[in-house]
Amino acid sequence: MEESIHQASTGAPDEFARRLGISTRTLYNYLHFLRDRGAPILYSRARETYYYEFPGKMMIKFEPE
């Protein structure tokens, strides 16, 4: 998912969800989750793709207590 958004090559939401093997509703839930955590994910109707508003990368990190 992250790589497709990074490359701005997701396709329309229905197509992106199908490629990921999830429902469109689940895709929207994931995107909402990521945006709530600061991911600057936008969607271009003209290009039919999700993309990052500015360069960066997603990092998921676990730190033991």
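Being a predicted model, the structure only gives us computed values, none of them experimental. (Residues numbered from 1 in each chain as written. Predicted model: local features only at pLDDT ≥ 70, side-chain atom pairs only at ≥ 80, totals over all residues. Heavy atoms only, no water.)

Visitor: I keep staring at the packing of helix α2 (residues 13-20) against helix α3 (residues 24-36) and nothing clicks. Help me out?
Guide: How two helices sit against one another is set out by the angle between their axes and by the gap between those axes. Close contact between α2 and α3 brings their axes to 8 Å; oriented N to C, the two are set at 95°. If you check the angle between α2 and α3, you find them roughly perpendicular. Taking contact as the criterion, the partners of P13, D14, F16, A17 and L20 in α2 are, on α3, T24, L27 and Y28. A class-by-class count of the residues in the contact of α2 with α3 yields 6 nonpolar, 1 polar and 1 charged. (Axes fitted to C-alpha atoms, helices over the stretch in contact; angles between N-to-C directions. Helix = DSSP H or I, 4+ residues; strand = E, 2+ residues; numbered from the N terminus. Parallel < 35°, antiparallel > 145°, perpendicular 65-115°, else oblique. Contact = heavy atoms within 4.5 Å. Nonpolar A, V, L, I, M, F, W, Y, C, P; charged D, E, K, R; others polar.)

Visitor: Even after reading the chapter, I still don't get the packing of aromatic side chains, so can you show me in this structure?
Guide: Aromatic ring pairs are defined here through the distance separating the ring centres and the angle between the ring planes. Enumeration over the complete set of coordinates arrives at 2 aromatic pairs. Measuring from centroid to centroid gives 4.7 Å for Y43 and Y50, while their planes differ by 55°, and the two rings are tilted. In this structure Y50 comes out as buried when scored by relative accessible area, which is 4%. Counting every residue linked through ring pairs, the aromatic cluster contains F16, Y43 and Y50. (Phe/Tyr/Trp six-rings, centres within 6.5 Å; stacked < 30°, edge-to-face > 60°. Buried < 20%, exposed > 50% of the residue type's maximum accessible area, 1.4 Å probe, protein only.)

Visitor: Help me understand unusual backbone geometry in this model?
Guide: Trans peptide bonds make up the majority, and among non-glycine residues the majority have a negative phi. Of note in this structure, A8 is not a glycine but carries a positive phi near 55°. Within the secondary structure layout, A8 lies in the loop between α1 (2-6) and α2. What makes A8 partly exposed here is its relative accessible area of 27%. Unlike most non-glycine residues, E48 shows phi in positive territory, near 50°. Structurally, the position occupied by E48 is in the loop between β1 (41-44) and β2 (49-52). Since its relative accessible area comes to 45%, E48 is described here as partly exposed.

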